[in-house]
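Notes for the structure review
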Amino acid sequence: MSANSPAAVVVLAAGGGTRMKSNRLPKVLHEVCGRSLVGHAVAAAEELTPGQLVVVIGHMREKVAEHLAAHHPGARPVVQAEQNGTGHAVRTALEALAADGIELDGTVIVTTGDAPLLTGGTLRALAGAHAEQGNGVTVLTAVVPEPFGYGRILRDEADGAVAAIVEEKDASDAQRAIDEINSGVFAFDAKLLVGALAEVTTDNAQGEEYLTDTLEILRRAGHRVGAVVAADYRDILGINDRVQLAHARRLLNDRLLERAMRAGVTVVDPATTWFDVQVSYEPDAVVLPNTQLQGETHLGEGCEVGPNSTLKDTRIGAGACVSNTTANGAEVGELATAGPYAYLRPGARLARKAKVGTYVEVKNSELGEGAKVPHLSYIGDATIGEGTNVGAASVTVNYDGVNKHRTVIGAHCRTGSDNMFIAPVTIGDGAYTAAGSVITNDVPAGGLGVGRAQQRNIAGWVERKRPGSTSAQAAAAAADRGAEVPTEA
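First, a word on scope: everything that follows refers to the structure included in this document. (Residues numbered from 1 in each chain as written. Predicted model: local features only at pLDDT ≥ 70, side-chain atom pairs only at ≥ 80, totals over all residues. Heavy atoms only, no water.)

Things to note about the overall build of the protein chain
A count of helical and extended segments in the protein chain gives ten helices and 41 strands. Taken over C-alpha atoms, the radius of gyration comes to 33 Å for the protein chain, far larger than the 23 Å a tight globule of 489 residues would show. A principal-axis box enclosing the C-alpha atoms of the protein chain has dimensions of 110 × 50 × 45 Å. Across the protein chain, every contact between residues at least 6 apart in sequence was considered, and the portion connecting residues at least 24 apart equals 41%. (Helix = DSSP H or I, 4+ residues; strand = E, 2+ residues; numbered from the N terminus. Rg over C-alpha atoms; globule rule 2.2 N^0.38 Å. Contact = heavy atoms within 4.5 Å.)

Following this line, the structure appears as structure tokens:
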């Protein structure tokens, strides 16, 4: 915590979110660009390095607490057992801190757990203005093109302070014409907040403790109520249903793509390209249409990914090319290639200039520098040495029904097409295997492994077993032309 950091940030995330129509997830755990709604709120708060970071939880509290522990262990969950309003939620948070002997002195930021576009920069501007102006409370507001449904900000004409917040249903026609609205995000003086919350009543239509009542309480006590207008009104947009969720996802994705492009990434078609917030990149990477980059995916300098690719938690090396590929937890080295139509599963690691080609699946396997698996193959639990070429339609048979076993193919090997490697098995450096082989035993370095039955031909089989068929007719015609008919071997 720095000298300019708030004493605490309280994130309100206890509501049920009934308009999401979800029986499986509370509203705040729905995701936008790879992070939950509450995760976005916490991430923005963490940028301020507050002394205390509290998340008030209620609906499906066990799931939210588990999520916070896994992804944001620095956030402290506090349970609001009954959702009795925003004022009650903040009071519950402060009482939980007080019970642990934590007395707040300084600024308390109160924000919401359903506004994924709210940035740390906007919160920092709010906290800074609050301190500079010496306000008892400062409201984050926004000037919006369509204010219907929001609480309007009424300002004192003399000094610009907030005189009141009037809700849509209570506003006059003149007040409804005001386009500055309340975001539900506030900066308070900690000690003044504690006193004001003690005076909040439930004397309203909902029978709840409203946090906004503290503004009038502080104003009556002679404290200034200030306001800071968000630079981008979209920062304050909250999520109440899945339509708004999709809208926020589009807006945030546009921000992420713009940031990437200004950092030197070429995004050919932003309309069909999606980034998660954790994605990182280096200059001159190229992203082709219909590409989704998820989780902690990283793009190296000058690489090319897409089109039609989905990469999750995958690292792409400098100058690598990945086309029409699905990858999860994989690593594609410098100047390596994957696709089209490749599937790289967790643990797939391609070294420099390695190649995984069309309709190839790789799982928990390493390909050495320059190694190639060009066509129609499954490589699972395997190590393939540098410069080796694996023939088309090859399979490392890694699973015996109980345990997984490993295949090791050495450096500069040439394996034939349609090979089955029955693991555990090792192919020595420089060895060859014959096409159509089932390799059950180790092949020594420089040797040739052959594991196939000798072919035999049965003459006249078609005419005897499939008389009258088109095949039998073609065979008879060939005999009439004097074509050689091989005898049984």
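From this point, the narrative continues.
Considering the nonpolar core
Judged by nonpolar contacts, the single largest core of 56 residues is most densely connected at Val-305, Ile-316 and Leu-344. Contributing elements (two or more residues each) for this core: helix H8 (242–262), strand S25 (342–344), strand S32 (382–384) and strand S38 (425–427). If you tally residues by element for this core, the top one is H8, at seven residues. Excluding residues within four positions of it along the chain, Ile-316 makes contact with His-298, Leu-299, Gly-300, Cys-303, Val-305, Leu-311, Val-322 and Val-332. Counting 34 residues, the second largest nonpolar core, distinct from the first, contains Leu-12, Val-90, Val-225 and Ala-227. (Core = buried A, V, L, I, M, F, W, Y, C linked by side-chain atoms within 4.5 Å. Buried < 20%, exposed > 50% of the residue type's maximum accessible area, 1.4 Å probe, protein only.)

Quick word on H8
Given a rise of 1.5 Å per residue, 21 residues ought to cover 30 Å, and the 30 Å separating the end C-alpha atoms of H8 matches this to within 8%. Taken together, the buried positions of H8 are occupied by Leu-245, Ala-248, Leu-251, Leu-252, Asn-253, Leu-256, Leu-257 and Ala-260. Taken together, the buried residues of H8 touch strand S2 (31–32), helix H1 (37–46), strand S12 (266–267), strand S13 (273–275) and strand S14 (280–281). Where H8 begins, one side-chain oxygen reaches toward the backbone nitrogen of Val-243, 3.1 Å away; that side chain belongs to Asp-241. Positive phi appears at Gly-264, one or two residues downstream of H8, with a value of about 105 degrees. (Expected span 1.5 Å × (residues − 1). Polar contact = N/O pair within 3.5 Å; in protein donor to acceptor, adjacent residues only side chain to side chain.)

Some thoughts on the packing of helix H3 (residues 86–99) against helix H6 (residues 190–199)
Running from N to C, H3 and H6 cross one another at 125 degrees; their axes reach a closest spacing of 10 Å. Considering their axes alone, H3 and H6 lie oblique with respect to each other. The interaxial crossing formed by H3 with H6 has left-handed handedness. Along the contact surface, H3 presents Gly-87, Val-90, Arg-91 and Leu-94, while H6 presents Leu-193, Val-194 and Leu-197. Residues of the contact of H3 with H6, tallied by class, amount to five nonpolar, one polar and one charged. (Axes fitted to C-alpha atoms, helices over the stretch in contact; angles between N-to-C directions. Parallel < 35°, antiparallel > 145°, perpendicular 65-115°, else oblique. Left-handed = near helix turned anticlockwise from the far one by under 90°. Nonpolar A, V, L, I, M, F, W, Y, C, P; charged D, E, K, R; others polar.)

Quick word on the state of the cysteines
Applying the stated rule across the entire model yields zero disulfides. Free of any disulfide, Cys-321 has its nearest neighbouring cysteine sulfur in Cys-303, separated by 9.0 Å. Classification of Cys-321 as partly exposed rests on a relative accessible area of 27%. (Disulfide = S-S within 2.5 Å.)

Things to note about unusual backbone geometry
Note the cis peptide between Gly-306 and Pro-307, where omega equals 0 degrees. Positionally, Pro-307 belongs in the loop between strand S18 (304–305) and strand S19 (309–312). Cis peptide bonds are those with omega within 30 degrees of zero, and the linkage from Ala-423 to Pro-424 qualifies with 0 degrees. Looking at the element boundaries, Pro-424 is found in the loop between strand S37 (420–422) and S38.

Side note on the sheet that holds strand S17 (residues 298–299)
Spatially, the nine strands line up as an open sheet ordered S14-S17-S20-S23-S26-S29-S32-S35-S38, and their pairing is parallel. Looking along the sheet, the strands with just one partner apiece sit at the ends: S14 and S38. One ladder, built from two bridges, connects S17 with strand S20 (residues 315–316); its direction is parallel. Residue pairing across strands places His-298 opposite Arg-315, the latter belonging to S20. (Pairing = 2+ DSSP bridges.)

Observations concerning the pairing of strand S7 (residues 137–143)
Among the seven residues of S7, six are classified as buried, and the element is accordingly described as predominantly covered. Sheet analysis places S7 next to strand S10 (residues 180–189), joined by seven bridges and oriented antiparallel. Bridged to Val-143 within S10 is Glu-180. In the sheet, S7 pairs with strand S11 (residues 225–229) via five bridges, with the strands oriented parallel. By the bridge assignment, Val-137 is partnered in S11 with Val-225.

By themselves, these observations are geometric and do not establish any function.
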